[in-house]
Amino acid sequence: MATLSKIATNDRHGENTPYFDGWKAYDRNPFHPTQNPKGVIQMGLAENQLCFDLVKEWIAKNPHASICTPEGIDEFKEIANFQDYHGLPEFRQAMAKFMSRARGGRVTFDPDRIVMAGGATGANELITFCIADPGDVFLVPSPFYPAFVRDLGWRTGVKIFPVDCYSSNNFQITRAALEEAYEKAREANINVKGLIITNPSNPLGTTLDRDTLKTLVSFIDEKNIHLVVDEIYAATVFNSPKFISIAEIIKEMDCINRDNVHLIYSLSKDMGFPGLRVGIVYSYNDAVVNCGRKMSSFGLVSSQTQYLLASMLSDDEFIENFLAESSKRLAKRYHTFTKGLEQVGINCLKSNAGLFFWMNLRHLLKEQTAEGETVLWRMIINDVKLNVSPGSSFHCTEPGWFRVCFANMDDETVQVALKRIRDFVCRGQESSSEPPKKKRWQQNLRLSFSSRIYEESVMSPLMMSPHSPIPQSPLVRART
Ligand SMILES: Cc1ncc(COP(=O)(O)O)c(C=O)c1O
């Protein structure tokens, strides 16, 4: 008898991708400015750590908001006993108001449509359970968030059908690309249940314009399929154009069937609270709200967290200041990084949101293939000691793109990271003036790749995971 179930043993948890491999290299040798200055810098984590000083200040000023302080302890019993899956009414109200603010106040949300989940991770799975059956597919424009494979598919049995997008038009989602993917799935007898998009995009850091959003809505309306919009990065927009929520679009397109439109939200990015596991499904469909609420029993937000956030999120002055300051700091960080890279000839896709940018290293690839990208990625991890994520883990159609997270470190670490990249590129340029020898980085690429292949029997990043049985591999053990 097999010990584990079919779900437990299928590989749709997605941990066998480079996206997770890089974390392992970091875990084994994390950078510290004084204790481990040659360690790996973590640039693969989309965390927003730029405004914790503001949160700390608010917590100190508002001891009554916690049930574990002398000022709040009288509420402890009632809150610790609370287990209603509707959630605390004041939490839902504060969430609805915050969601509106995070979208520039141009739309409002009904607190009665707010369904809780364990982060956007839980919210994405919950909506999938509600609207799709095993074997159905969701169209997902590429490049896309790697963990969608796990969130949408591991336990539900639903699959992702990529909509290929290309750098020639800055990875925009076109009607033609949607139609092509839809027809391909239909020809293969696959039931397309919906389209899932992330706006602002992870990994591109771009926002969708009004025309594209309207195209998407018309597309799903004509095909009578669902549209799920993951707006987890809504308030990370730090530059124009401003963010346009799907809520704004359906307000303008009043003749479409709103029953097929659902929004996913979370406080993991905009507030920088991934550990609090606050995820939201906001559906315009009553049946989905009703079923989703029952299903949320599997992933409620703890009442202690709801209580704290009800207070914090309804403090208008704090939230106003926090969102403005956060976007200012993100803009500054983005500018520092991308300008620093430009100086050594590295370009990034122009973006205006998110906690990362999409870096173009095609000119450094020895071969314009996925393997060529992997070779370069291994060098960046093992020799430059930066954990950036390769485009292949985002199912990017073109090799040479890398996602670089920039909001999970302090200013000093940014300078160290930039210096490492500059040194790496300059080493290559210096040796290029020594014909007929190859550029040093090219030599390194070839040498490091071939010798490591020889040393290690497991090479493809697609075969490795942070929990694979080869944690000692020098491939992932970045050396000091
Ligand atoms: C697009 C997208 N959706 C969902 C998630 C998961 O977020 P959470 O921490 O709220 O589960 C992430 C996290 O990186 C993300 O980028």
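Please refer to the structure higher up on the page.
It should be emphasised that the depicted structure is a prediction, and the values quoted were computed from it without experimental measurement.

Chemist: When you look at the overall build of the protein in this model, what are you seeing that I'm missing?
Modeler: The secondary structure content of the protein amounts to 16 helices and 13 strands. Relative to its 480 residues, the protein shows a buried fraction of 43%. When contacts within the protein are restricted to residue pairs at least 6 apart in sequence, those whose partners lie at least 24 apart make up 72%.

Chemist: What am I meant to see in the site of the ligand here?
Modeler: Inspection of the region around the ligand gives 13 residues, with G119, A120, T121, S266 and S268 positioned closest. It is helix α6 (residues 119-131) that provides the largest number of residues to the shell around the ligand, a total of 3 residues. Class assignment of the residues belonging to the shell around the ligand gives a composition of 5 nonpolar, 7 polar and 1 charged.

Chemist: Can you walk me through the pairing of strand β8 (residues 278-283) in this structure?
Modeler: Regular strands show a simple pattern: their side chains alternate between the two faces of the sheet. Judged by how many residues are buried, β8 sits mostly within the fold: 6 of 6 residues are covered. Neither face of β8 is exposed, since V278, I280 and Y282 on one face and G279, V281 and S283 on the opposite face are all buried. Bridge count for strand β2 (residues 114-118) against β8 is 5 bridges, and the pairing is antiparallel. Considered in β8, the bridge of I114 is made with Y282.

Chemist: So what exactly am I meant to see when it comes to the nonpolar core here?
Modeler: The nonpolar side chains of soluble globular proteins are, as a tendency, buried together. Formed by 125 residues in total, the largest nonpolar core has its most connected members in I264 and I280. At 7 residues, the largest contribution of residues to this core is made by helix α13 (residues 316-342). Apart from the residues lying within four places of it in its own chain, the contact partners of I280 are M95, I114, V115, M116, A117, A123, Y265 and S266.

Chemist: Explanation requested: the sheet that holds strand β5 (residues 192-198) in the structure shown.
Modeler: As a general point, the strands of a sheet are linked pairwise by backbone hydrogen bonds and lie either parallel or antiparallel. Within the open sheet, the 7 strands sit side by side as β2-β8-β7-β6-β5-β3-β4. Their pairing is mixed. Sheet topology places β2 and β4 (159-163) at the edges, where each strand pairs with a single neighbour. Pairs of neighbouring strands in the sheet enclose a mean axial angle of 25 degrees, with direction left out of account. Strand contacts of α6: β2, β5, β6 (226-230), β7 (261-266) and β8, with the helix running at about 35 degrees to β8, the strand carrying the most contacts.

Chemist: I tried to follow the sheet that holds strand β13 (residues 401-405) on my own but got confused; where do I start?
Modeler: Spatially, the 4 strands line up as an open sheet ordered β9-β10-β13-β12, and their pairing is antiparallel. Of all the strands in the sheet, just β9 (347-348) and β12 (389-390) have a single pairing partner and so form its edges. Relative to β13, strand β10 (residues 356-360) is paired through 5 bridges, and the arrangement is antiparallel. Bridging across to β13, W358 finds its partner in R403. Sheet strands in contact with α13 are β9 and β10, and its direction is about 10 degrees off that of β10.

Chemist: Teacher, can you tell me more about unusual backbone geometry here?
Modeler: Of note, the bond from S142 into P143 is cis; its omega dihedral lies within 30 degrees of zero at -5 degrees. Considering the arrangement of structural elements, one finds P143 in the loop between β3 (137-141) and α7 (148-153). With an omega of 0 degrees, the peptide bond running from S240 to P241 counts as cis. Turning to its location among the elements, P241 is positioned in the loop between β6 and α10 (246-252). For N189, which is not glycine, the phi dihedral falls at a positive 65 degrees. Tracing the backbone shows N189 in the loop between α8 (175-187) and β5. Given 6 C-beta atoms within a 10 Å radius, N189 is considered exposed. Despite not being glycine, R277 shows a phi value in the positive range, around 55 degrees. Following the sequence through the fold, R277 ends up in the loop between β7 and β8.

Chemist: Just to check I follow, could you spell out the pairing of β3 for this structure?
Modeler: With 5 of 5 residues buried, β3 lies mostly within the body of the structure. Here β3 shows no split at all, with V137, L139 and P141 on one side and F138 and V140 on the other all buried. Note: β3 against β4, 5 bridges, orientation parallel. Its bridge partner lying in β4, P141 is registered against V163. Assessed by its sense of winding, the connection that carries the chain from β3 through α7 to β4 is right-handed.

Chemist: Explain the packing of helix α5 (residues 89-101) against helix α12 (residues 303-313) here, please?
Modeler: A packed helix pair is summarised by two numbers, namely the angle formed by the two axes and the spacing between the axes. One can describe the packing of α5 onto α12 by two numbers: an axis separation of 8 Å at closest approach and a directional angle of 45 degrees. Comparing their axes, α12 and α5 come out oblique. Read as a crossing pair, α5 and α12 show a hand that is left-handed. Contacts between α5 and α12 involve E90, F91, A94, M95, K97 and F98 from the first element and Q306, L309, A310 and L313 from the second. Looking at the contact of α5 with α12, its residues break down into 7 nonpolar, 1 polar and 2 charged.

Cut-off values and rules
- Residues numbered from 1 in each chain as written.
- Predicted model: local features only at pLDDT ≥ 70, side-chain atom pairs only at ≥ 80, totals over all residues.
- Helix = DSSP H or I, 4+ residues; strand = E, 2+ residues; numbered from the N terminus.
- Buried ≥ 20, exposed ≤ 12 C-beta atoms within 10 Å, placed from the backbone.
- Contact = placed C-beta atoms within 7 Å.
- Near = placed C-beta within 6 Å.
- Nonpolar A, V, L, I, M, F, W, Y, C, P; charged D, E, K, R; others polar.
- Pairing = 2+ DSSP bridges.
- Core = buried A, V, L, I, M, F, W, Y, C linked by C-beta atoms within 7 Å.
- Axes fitted to C-alpha atoms, helices over the stretch in contact; angles between N-to-C directions.
- Right-handed = clockwise from strand over helix to strand, strands pointing away.
- Parallel < 35°, antiparallel > 145°, perpendicular 65-115°, else oblique.
- Left-handed = near helix turned anticlockwise from the far one by under 90°.

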